[in-house]
Amino acid sequence: MPASSEGPATAGRLQNTEPPENTEPPATAEPPATAEPPATAEPPARAERAVILPKHLHARPAGLIAQAAARYPQTTIEIVADGRRADARSILAVMALGAVAGSEVLVRTAGAQADGATATVVAILTAAED
Amino acid sequence: MVGIVLVSHSPALAEGAAELVGQIAGGARVVPAGGTEDGRLGTSTRLIVDAIAKADQGAGVLVIPDLGSSVLSARAVIADLDPGAPPVALADAPFVEGAVAAGVAASIGADLSAVARAAEEARDARKL
């Protein structure tokens, strides 16, 4: 995927730090018990949010992000900083972004629970310095 | 949860790395085995055996050595383990980065092979 294909459309300033618990999109609701063949038809959900870091993305938040990402096994979670992408599950990759306080990073997710995963990671990124 | 043992020639290095991993990867059990039994620079199979026992919580233990005789001592210990003991693996990984990556993997409940893989992937992780 070319790095230039950022979709800036949804990348608004972030203010609300929602609770990290899974806010699953209710819209895609599960089919009634008698279900038709699931899954195959739906395109994977995607979400993307831009965040201005209040603190450096150093070891501890990177560790928290990697731990949080593990709660979303069905979701691809990337952090993009200065055109470089890191898999949120890899603490070393996230630290290697070298993202500093005041810079903008993008949280980009795809798959089941994309919204919840995005909110969780954004909450960690925007939490006050520990 | 998989336990982690950090083997170093230096007690301070092993303890410091274990403290660091404990901070970054909350919840992981990381046990240092640095230096000789009387606290000098070197390695001690006895300390490594004790550390493995302390780190073990039933899901196995990953041993991460720094270099040289740490590797040899860790290997000797692992070769001598009881057949009935929980599995113990030796990581071929950079000491600090491997310990941090393994600690995060262990803290989220990854199994021994996944924790070992996380440590070994740290070989390819760039810092800049």
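Preceding this section is the structure that the text describes.
My aim in this report is to walk through the structure given alongside it, one point at a time. The model shown is predicted, which means the values in this text are computed figures rather than measured ones. (Residues numbered from 1 in each chain as written. Chains lettered and ligands numbered in written order. Predicted model: local features only at pLDDT ≥ 70, side-chain atom pairs only at ≥ 80, totals over all residues.)

Below, the discussion takes up the sheet that holds strand S3 (residues 84-87) of chain A. All names here are of chain A. Strand order in the open sheet formed by 4 strands is S1-S4-S2-S3, with antiparallel pairing between adjacent strands. On the outer flanks of this sheet lie strand S1 (46-52) and S3, each paired with one strand and no other. The sheet shows a mean angle of 20° between the axes of neighbouring strands, taken without regard to direction. One ladder, built from 7 bridges, connects S1 with strand S4 (residues 104-111); its direction is antiparallel. Each residue of the ladder has a partner; that of Ala 47, found in S4, is Thr 109. (Pairing = 2+ DSSP bridges. Helix = DSSP H or I, 4+ residues; strand = E, 2+ residues; numbered from the N terminus. Axes fitted to C-alpha atoms, helices over the stretch in contact; angles between N-to-C directions.)

What follows deals with the pairing of strand S1 (residues 3-8) of chain B. All names here are of chain B. By the criterion of burial, S1 is predominantly enclosed, with 6 of the 6 residues buried. Neither face of S1 is open: one carries Gly 3, Val 5 and Val 7, the other Ile 4, Leu 6 and Ser 8, and all of them are buried. Across 5 bridges, the pairing between S1 and strand S3 (residues 61-65) is parallel. Residue Ile 4 lies in a different strand from S3, and its bridge partner there is Leu 62. Relative to strand S2 (residues 30-34), S1 runs parallel, the two sharing 5 bridges. Considered in S2, the bridge of Val 5 is made with Val 31. Handedness of the crossover joining S1 and S2 through helix H1 (residues 11-24) is recorded here as right-handed. (Buried ≥ 20, exposed ≤ 12 C-beta atoms within 10 Å, placed from the backbone. Right-handed = clockwise from strand over helix to strand, strands pointing away.)

Residue and element names in this part refer to chain B. Read across the sheet, 4 strands follow the order S2-S1-S3-S4 without closing on themselves; strand pairing throughout is parallel. Lying at the two open borders of the sheet, with one neighbouring strand each, are S2 and strand S4 (88-90). Strand-to-strand, the axes of this sheet are offset by a mean angle of 20°, without reference to chain direction. Sheet contacts for H1: S1 and S2; angle to S2, the most-contacted strand, approximately 170°. Across the face of the sheet, helix H5 (residues 112-121) comes into contact with S3 and S4 while running at roughly 20° to S3. (Contact = placed C-beta atoms within 7 Å.)

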